[in-house]
Amino acid sequence: MQNAKDTFYIALRSRLASVNPARTMTLRAVARPGILVSEAEAPAAQPQLDAFALSWTGMQADLQLAAILAQMTCEIQYSTVGTQANAGLDRGRALEEMDYEVLHLLYPYSAQKMNYTVNPATAMETMVFWSEPEFGPVVTLRDRLSRTAKVTVFAFQEQGEQ
Amino acid sequence: MSTQPTMPLPALPPMGRSVRAYFAPVDRVRRLPTLFDPSLNGRFATNTPPTPWVDLGWIEDFTRRSTSKYGELVTGSPATTQFQVRETVDATVSVRFKAWSKLSMALAAGSQHMNLIVSAAGGTANGSGSKGVAPVSLAAGSTTTFLAMAASNAAQFAAGSLLTVDVDYTGQTGFVGSGVCAAYVSSAAAVNNDPDYIRRVSFNVARIASSTPTGLQLAQPLIAGAPTATMRVQPISGFVDREGGSFFQEWSALFVIDGEQGERILFHYPRLQSMGGAAEAATVLLSPLERIALSATFRALPVTDANDGEQVLCFRTFLPSPATLI
């Protein structure tokens, strides 16, 4: 399943660099596209603003097929307080922009499964595919607006894959 | 020597999760089905069925129906039923195949199942594929998983692509197809005397694992076994079936339910003929994402039980759990 999770993240990261090259963040002293996997970063008290954080939550498996079909829930959380230049009054617009980007990051709803544990990464046999996003309500905490979009990621477990 | 006495439980209701399907060819020419003998192979491992059974995986919506009709012999006043008679013996089976493959598509569609031969340049458009590229010949040394051929021929096939291997059509009539009777040809004119016709309907298909200068390594064994010298190879891109057609697929079938306490229920239909057209059933994974299954319906045809000469349509076997009384 880890290859599917890696593939999903890298696919979204690559698409973000194309959809909005300006959405970057500096994390552990490295400037990179504004998307991260929460479980692969140090725990943080506050979410990274103006970036997408992927959290893997639910997990199911269909064992009655020739290959196990894993079904994993990924929650894409994002928050913004708007821009300083506009005194945060554009935070609604900034959140809408991130909503729009989520739609573009997820489409098309599939990617070639890759093994990123080897260098260079190698293409595997199957495709990772996912559902359309299910957007949660806006959560307001003081000047911060947040939303979570839930996506279900599907992947067939290939032979020899952990 | 003494053995520990066992304390079995009373008979318990079987509880199973799903049904596994296996199919095997029927020799239509000699009218010989593939018989499954539960006294020999009843406890076979589900992932490795005995030869020549083909595993079609877990199925869903498995439904058996007996449509046999009974009559009664009534005599006396007031009339009282004295005897019963079986007027007709008939049974149907319907399933949904979760996975799409050459075999599951053919079973579901019921009539001739076509291989979509890669077309030659300039072909005339046709619903089940136009004239294919020229076939290539085999060299000596082919096996069920390796097709020996000249390097120039092997170079025409890419790893990962599909192929069909069978003899040329040279005017044969009757059942055609190596390994499996794939179609019935009434006359050469009916199939336009097409030399590719048998390869077009053949079940002798495979995916190529690798292409080497000495031939093609296959990713799966050919259903007809090691190819003969007269067989030739053509690339295919997929499969086509049709609503209609004059041919009925006929296969031997075996359905297995494994119970949670070690019991096993087997349903063996020596002769099943397709009786439905092409249809699908969608199961929503997460709207609008759906899993598409193949719906199939069959009519059971009779065989003679060698033990008592009775004409029967199916055999139901129960292998009890070792934990229960019988």
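Just above sits the structure.
Residues numbered from 1 in each chain as written. Chains lettered and ligands numbered in written order. Predicted model: local features only at pLDDT ≥ 70, side-chain atom pairs only at ≥ 80, totals over all residues. Heavy atoms only, no water.

Caption draft 1: How the structure looks around the overall build of chain B. Looking only at helices and strands, one finds 4 helices and 21 strands in chain B. Judged by the C-alpha coordinates and their principal axes, chain B covers about 80 × 65 × 50 Å. Buried positions account for 44% of the 326 residues belonging to chain B. Look at the contacts in chain B between residues 6 or more apart in sequence, and 71% of them connect residues 24 or more apart. With the model as given, the accessible surface of chain B reaches about 16,700 Å², and the carbon-plus-sulfur share is 55%. (Helix = DSSP H or I, 4+ residues; strand = E, 2+ residues; numbered from the N terminus. Buried < 20%, exposed > 50% of the residue type's maximum accessible area, 1.4 Å probe, protein only. Contact = heavy atoms within 4.5 Å. Areas by Shrake-Rupley, 256 points an atom, 1.4 Å probe, with all protein chains shown as cover.)

Caption draft 2: Local environment of the pairing of strand S5 (residues 69-80) of chain A. Residues and elements named next belong to chain A. Across the 12 residues that make up S5, a large majority, 11, are buried. The pairing of strand S4 (residues 52-62) with S5 spans 9 bridges and is antiparallel. By the bridge assignment for S5, Ala61 is matched with Ala70. Between S4 and the antiparallel strand that follows it, S5, lie 6 residues. As defined by bridge partners, S5 adjoins strand S10 (residues 144-156) across 12 bridges and the pair is classed as antiparallel. (Pairing = 2+ DSSP bridges.)

Caption draft 3: Geometry of the side chain of B:His268. All names here are of chain B. Residue position: His268 is located in strand S16 (residues 264-274). According to the relative accessible area criterion, His268 is buried, its value standing at 4%. Engagement of the side chain of His268 in a polar contact is seen with the backbone nitrogen of Phe36, the distance being 3.0 Å. Polar contacts involving the side chain of His268 include one to the main-chain carbonyl oxygen of Ala253, which spans 3.0 Å. When sequence neighbours within four positions are dropped, the list of residues in contact with His268 reads Thr34, Leu35, Phe36, Trp53, Ala253, Leu254, Leu313, Cys314 and Phe315. (Polar contact = N/O pair within 3.5 Å; in protein donor to acceptor, adjacent residues only side chain to side chain.)

Fair warning: the whole summary comes from geometry, so function is off the table for now.
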